[in-house]
Amino acid sequence: MWPLWPLAALLALSQALPFEQKAFWDFTLDDGLPMLNDEEASGAETTSGIPDLDSLPPTYSAMCPFGCHCHLRVVQCSDLGLKAVPKEISPDTTLLDLQNNDISELRKDDFKGLQHLYALVLVNNKISKIHEKAFSPLRKLQKLYISKNHLVEIPPNLPSSLVELRIHDNRIRKVPKGVFSGLRNMNCIEMGGNPLENSGFEPGAFDGLKLNYLRISEAKLTGIPKDLPETLNELHLDHNKIQAIELEDLLRYSKLYRLGLGHNQIRMIENGSLSFLPTLRELHLDNNKLSRVPAGLPDLKLLQVVYLHTNNITKVGVNDFCPVGFGVKRAYYNGISLFNNPVPYWEVQPATFRCVTDRLAIQFGNYKK
């Protein structure tokens, strides 16, 4: 059953570089940091990332929808031109792949009896309507991938067992209060590629969530949302229309390890605004309109990666990156990108990078008007 081998990736951990739009198979969205481990991050006792197959009843091998491939509790029905969720799906199925079809609606009983389902893939269909009880039978569902559809709202009554939701590239403009109510196990939401503005998030929209990872890239944000979960370790807001970072914009997000703000229109970062991020390790500010290196970088003792390429930076000071004196910084830089800025790099003093692991960690030059 060779066509099924990619589906095994959903039941194993994968590695991916940070700050890149992931393919939906790379569901862990992590490159080694423990923050996105399902069990540790969510605090749930039964979200190890792999279902306990030994505890499930025997496979109903005779049940397989026409045209689908079924093997080892995996049902693959992708690329079949399906108009609806097929019937005769084995009740012991743990992974159901329905991507790349023409499904436009999820009805009340579409997933009836699938109480062992762990991952549901509905990417790239035409779904615009979901019955309020469509997901009710899915008491063990942890991964829901419903990106690239025609949804205009977050689906109601999501399973309380859910750990990861991918709903990017839809038509969602509003995130109402209470839509994530009861999702105490959720630690990862990918909702980029929706026409979301700052005003689209109702106050309290994320109440109760203890997210580690949130991406709202390729939207219409003009500022950093101030009411996101304070538990976040990763926040990705790249490809928006953010113009400035004001003093208290990041006050709530003191647990961030990674902050992605590349491909915005940021001209100003107010002095002191980065001081609220004591655990920050990666900061992406590339492809903006900054005229100088942001103040406060030397005070971030754990910062290791800074992307500042493709801005309007004309000068780099000797103390822009490294603190004065030794023993203050706990982690040396292993990546600083400054290329494609109008900086006369021959004027930059070598001591500027005294807290960098080696010279290959610095990317400079190649500026074109």
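What you are looking at is a predicted structure, and each value in this text was computed from that prediction instead of being measured.

Criteria and thresholds
Residues numbered from 1 in each chain as written. Predicted model: local features only at pLDDT ≥ 70, side-chain atom pairs only at ≥ 80, totals over all residues. Heavy atoms only, no water. Disulfide = S-S within 2.5 Å. Buried < 20%, exposed > 50% of the residue type's maximum accessible area, 1.4 Å probe, protein only. pLDDT = per-residue confidence, 0-100. Contact = heavy atoms within 4.5 Å. Salt bridge = Lys/Arg side-chain N within 4 Å of Asp/Glu carboxyl O. Helix = DSSP H or I, 4+ residues; strand = E, 2+ residues; numbered from the N terminus.

Next up on the list: the state of the cysteines. Evaluation of the coordinates by the stated rule reveals 3 disulfides. A disulfide bridge connects Cys-68 with Cys-77, and the sulfur atoms are separated by 2.1 Å. Here the S-S torsion is close to 115 degrees, and the disulfide linking Cys-68 with Cys-77 is therefore right-handed. Judged by relative accessible area, which is 0%, Cys-77 ranks as buried. Of note for the protein: the bonded cysteines, numbered N- to C-terminal, pair according to 1-3, 2-4, 5-6.

The predicted model of the protein averages 85 in pLDDT, with 82% of residues at 70 or higher. In the model, residues 1-59 has pLDDT below 50 throughout and makes 140 contacts with residues more than four positions away in sequence or in other chains.

Take the pattern of salt bridges next. Applying the stated criterion across every chain yields a total of 12 salt bridges. A salt bridge links Arg-73 to Asp-92, with the nearest nitrogen and oxygen atoms 3.6 Å apart. Note that Arg-73 is positioned in the loop between strand S1 (69-71) and strand S2 (74-76) and Asp-92 in the loop between S2 and strand S3 (95-97), a separation of 19 residues in sequence. Using a relative accessible area of 1% as the deciding quantity, one classes Asp-92 as buried. Ionic pairing is found between Arg-166 and Glu-164, a salt bridge with its closest N-O pair at 3.0 Å. Taken together, the shared-partner salt bridges in this structure form one network comprising Lys-83, Asp-102 and Lys-126.

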